[in-house]
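# Coordinate analysis (summary)
So you can see what is in the structure, the chains are spelled out below.
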Amino acid sequence: MSVRQIYLDNNSTTPVDPRVVDTMVPYFHEIPGNAASRTHPFGWKAEEAVDYGREQIANLIGVDSKEIIFTSGATESDNLALKGAFEMYSRKGDHIITLQTEHKAVLDSCKKIEKLGGKVTYLEVERNGIVDLNKLREAITDKTILISIMWANNETGVIQPMKEIGEICAEKGILFMSDATQAVGKIPVNPKEVGIHLMAFTSHKMYGPKGVGALFVNRKNPRVKVTSQMDGGGHERGMRSGTLNVPGIVGFGKAAELCGQDMVKDTQRLSALRDKLENNLMTNLEEVYINGSVDHRMPHVTNLSFKHVEGEGLMMTFNNIAVSSGSACTSASLEPSYVLMALGLGDDLAHSSIRFSLGRFNTEEDIDLAADSLLKGVNHMRDLSPIWEMYKEGIDLESVVWSEH
Amino acid sequence: MAYSEKVLDHFKHPKNVGTLDKSKSNVGTGLVGAPECGDVMRLQIEVDEESQIIKDAKFKTFGCGSAIASSSLATEWLKGKSIDEALAIDNMDIVEELALPPVKIHCSVLAEDAIKSAIIDYKQKNGVQVEAESHSH
């Protein structure tokens, strides 16, 4: 018996759009060239394809195609932007500011920079997941060279006040870097409009293939450069060596074009479906909480905590829905999500969280089936839960002496 | 990570879910774990006063599938055992029976703690001297 599988984990990765796959196929065998081969038509055709992809991606975010540096993905782009800028601008200063809720690619790059002698401030966020601009201002010193703040959070979908942060950076003459992986292709993103100088994003979160990403590097006012972290043939204006992933870039380009075309339609449809799911669960279940700002978040994401239900256990109640949880049990470290903890959620609510991230290929039927499974699963888990029983009996769980282990 | 068939079976059809009357003198209750740690187990035993055999066992668990399966299995094993036999249940028996992976061994430890804690509660209620024995990890 095959069960209809419903994929609601689009913030992890998206299925590649079949229209994207079609454009990529010829570049594996029929057009096999290396875009750096300047002496024969195979190379020229590959270069043409790369140029076109670069153009499509630049168009989506409103920048010049020369400002797009191809990488292997957003993790590499984050590494290149942060370490590369730290190396390039170390004469100006050694201080970087970022948020506690950033992706590990940013946080771990910052940790590395600290090991290299840099100083990093990891700012806390407010309860709604958004940075307090006053605290950001206060953290700036005369040694601050860069502020790295993600456009939208992967776990909660919370969107940061990019324009305001950009204004602060411009006023202080600090580089503004953003990991925009979750935002590009989903909502309007234009780094120039908000004063971003370096912006990381990737193909596989926007219905393109895995293994190809980009770093936007501002070329004028100011002209920004980063020190390459990968040495070799001097590709990508010397900032990232390595043979370009031609089929990947072709697919990335097509994915960008499609995101531009379908954005309004997709956003309207997905936010309506997301709201339907959320309303259904919150109406039919007690003690469900939305994690992060409701007013400033991505249209296709909701992160919910089902109180007194452990997230991994809940996910086991259904075998047909792919979602993710901030529960410790889902991580090797046995620590609950640091992003949710940074929002000030107690451990218990972090353990009870489920992230639903919708995508272009979800239907209304998917959402209805998922809601049904969730309602059943939460009720099942609460029937099994001693702390739900205690809560129902009116016992103050805070007053119980637990045996920590 | 794939769950073993046995974990899935206990998770989908948990045995002995429920609540015994903790005010009864022949019922022992163990409540272990903490919500902040992501698992809380409550395991209860009802002891036949004449034969000193565990005649019923119930549990409720807040936790992942392995925690629920460990406590479900524990209640199955407890029924029909004497107190001493129950005390001999080792967490590694649970690990083996459910084929728990290393990251889930703590679930079995919690189940063993819950058994011991329920027995201690029963003994204390019945005026039996309890040797200080506790698991620490």
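Here the structure is a predicted model, which is why all the values come from computation and not from measurement.

Rules used throughout
Residues numbered from 1 in each chain as written. Chains lettered and ligands numbered in written order. Predicted model: local features only at pLDDT ≥ 70, side-chain atom pairs only at ≥ 80, totals over all residues. Heavy atoms only, no water. Helix = DSSP H or I, 4+ residues; strand = E, 2+ residues; numbered from the N terminus. Rg over C-alpha atoms; globule rule 2.2 N^0.38 Å. Buried < 20%, exposed > 50% of the residue type's maximum accessible area, 1.4 Å probe, protein only. Contact = heavy atoms within 4.5 Å. Lys, Arg positive; Asp, Glu negative; His and termini not counted. Charge placed at Lys NZ, Arg CZ, Asp CG, Glu CD. Areas by Shrake-Rupley, 256 points an atom, 1.4 Å probe, with all protein chains shown as cover. Axes fitted to C-alpha atoms, helices over the stretch in contact; angles between N-to-C directions. Parallel < 35°, antiparallel > 145°, perpendicular 65-115°, else oblique. Left-handed = near helix turned anticlockwise from the far one by under 90°. Nonpolar A, V, L, I, M, F, W, Y, C, P; charged D, E, K, R; others polar. Polar contact = N/O pair within 3.5 Å; in protein donor to acceptor, adjacent residues only side chain to side chain. Domains from an automatic or database assignment. Buried area = accessible area lost by both parts, 1.4 Å probe. Salt bridge = Lys/Arg side-chain N within 4 Å of Asp/Glu carboxyl O. Arc of directions from axis to C-beta.

Let us look at the overall build of chain A. Looking only at helices and strands, chain A features 13 helices and 13 strands. Rg of the C-alpha trace for chain A: 22 Å, near the compact-globule value of 22 Å for 405 residues, within the 12% margin. Overall size of chain A, expressed as C-alpha extent along the three principal axes, is 75 × 55 × 35 Å. Put simply, chain A has 405 residues, and 60% of those count as buried. For chain A, long-range pairs separated by at least 24 residues make up 73% of all intrachain contacts whose partners lie at least 6 apart in sequence. Considering chain A, the positive charge centre built from 42 side chains and the negative charge centre built from 54 side chains are found 8 Å apart.

Moving on, we get to the overall build of chain B. When its secondary structure is counted, chain B shows 5 helices and 3 strands. The linear arrangement of helices and strands in chain B, starting from the amino end, is α-β-β-β-α-α-α-α. For chain B, the C-alpha radius of gyration of 14 Å lies close to 14 Å, the compact-globule estimate for 137 residues. Principal axes of the C-alpha set define a box for chain B whose edges measure 45 × 30 × 25 Å. Taking the intrachain contacts of chain B between residues at least 6 apart in sequence as the baseline, contacts between residues at least 24 apart amount to 61%. Surface summary for chain B: the accessible area is close to 6,000 Å², and the carbon and sulfur share equals 50%. Between the averaged position of the 15 positive side-chain charges in chain B and that of its 22 negative side-chain charges there is a distance of 7 Å.

Let us look at the packing of helix α2 (residues 41–61) of chain A against helix α8 (residues 246–284) of chain A. Residues and elements named next belong to chain A. Between α2 and α8, the shortest axis-to-axis distance is 8 Å and the interhelical angle comes to 30°. With respect to each other, α2 and α8 are oriented roughly parallel. Crossing of α2 over α8 shows left-handed handedness. Contacts between α2 and α8 pair Ala46, Ala49, Val50, Tyr52, Gly53, Gln56, Ile57 and Leu60 from the former with Val246, Ile249, Val250, Phe252, Gly253, Lys254, Ala256, Glu257, Cys259, Gly260 and Met263 from the latter. In the contact of α2 with α8, the residues fall into 13 nonpolar, 4 polar and 2 charged.

What follows covers the environment of Asn218 of chain A. Residues and elements named next belong to chain A. Secondary-structure assignment places Asn218 in the loop between β8 (213–217) and α8. Residue classification places Asn218 among the buried positions, given a relative accessible area of 5%. When the C-alpha atoms of Asn218 and Lys66 are compared, they prove to be 9.1 Å apart, with 152 residues separating the residues in sequence. A distance of 2.9 Å separates a polar atom in the side chain of Asn218 from the backbone oxygen of Lys220. A polar contact is formed between the side chain of Asn218 and the backbone oxygen of Pro222, at a distance of 2.9 Å.

Turning to the domain arrangement of chain A, a few remarks are in order. All names here are of chain A. Domain parsing of chain A yields domain 1 (6–11 + 263–388) and domain 2 (18–258). Domain 1 and domain 2 are separated by 29 Å when their C-alpha centres are compared. Each side of the interface is counted separately: domain 1 has 25 residues, and domain 2 has 32 residues. Together, the buried faces of domain 1 and domain 2 total about 2,500 Å²; carbon and sulfur atoms form 56% of this surface. Counting the contacts that link domain 1 with domain 2 gives 0 salt bridges. Along the contact surface separating domain 1 from domain 2 lie 14 residue pairs in polar contact (both at pLDDT 80 or more). Sorting the residues of the side of domain 1 that touches domain 2 by element identifies α8, β10 (301–306) and α10 (338–342) as the ones contributing at least two each. Per-element accounting of the side of domain 1 that touches domain 2 gives the leading share, 4 residues, to α10.

The residue Thr101 of chain A is located in the loop between β3 (95–99) and α4 (104–115) in this model. By relative accessible area, which is 3% here, Thr101 of chain A ends up buried.

Residues and elements named next belong to chain A. Here helix α6 (residues 162–172) has its buried residues at Met162, Ile165, Gly166, Ile168 and Cys169. Each buried residue of α6 lies within a common arc of 160° when the element is viewed along its axis, so the set occupies one face. Summarising the geometry of α6, the exposed residues directed more than 90 degrees from the buried face are Ala170 and Glu171. At its buried positions, α6 is contacted by α5 (133–139), β5 (144–148), β6 (175–179) and α7 (191–194).

On the chain A side, the residues contacting the 32 residues of chain B number 27 residues. Across the chain B to chain A interface the summed buried area is about 2,600 Å²; carbon plus sulfur atoms make up 66%. Between the two partners, chain B and chain A, sit 3 salt bridges. In this structure, the salt-bridge partner of Glu312 of chain A is Lys104 of chain B, at a minimum N-O distance of 2.8 Å. Where chain B meets chain A, there are 10 residue pairs in polar contact (both at pLDDT 80 or more). For the side of chain B that touches chain A, the secondary structure elements donating two or more residues are α1 (5–12), β1 (27–34), β2 (39–48), β3 (53–62), α2 (65–78) and α5 (105–125) of chain B. Each residue belonging to the side of chain B that touches chain A can be placed in one class, and the counts come to 18 nonpolar, 8 polar and 6 charged.

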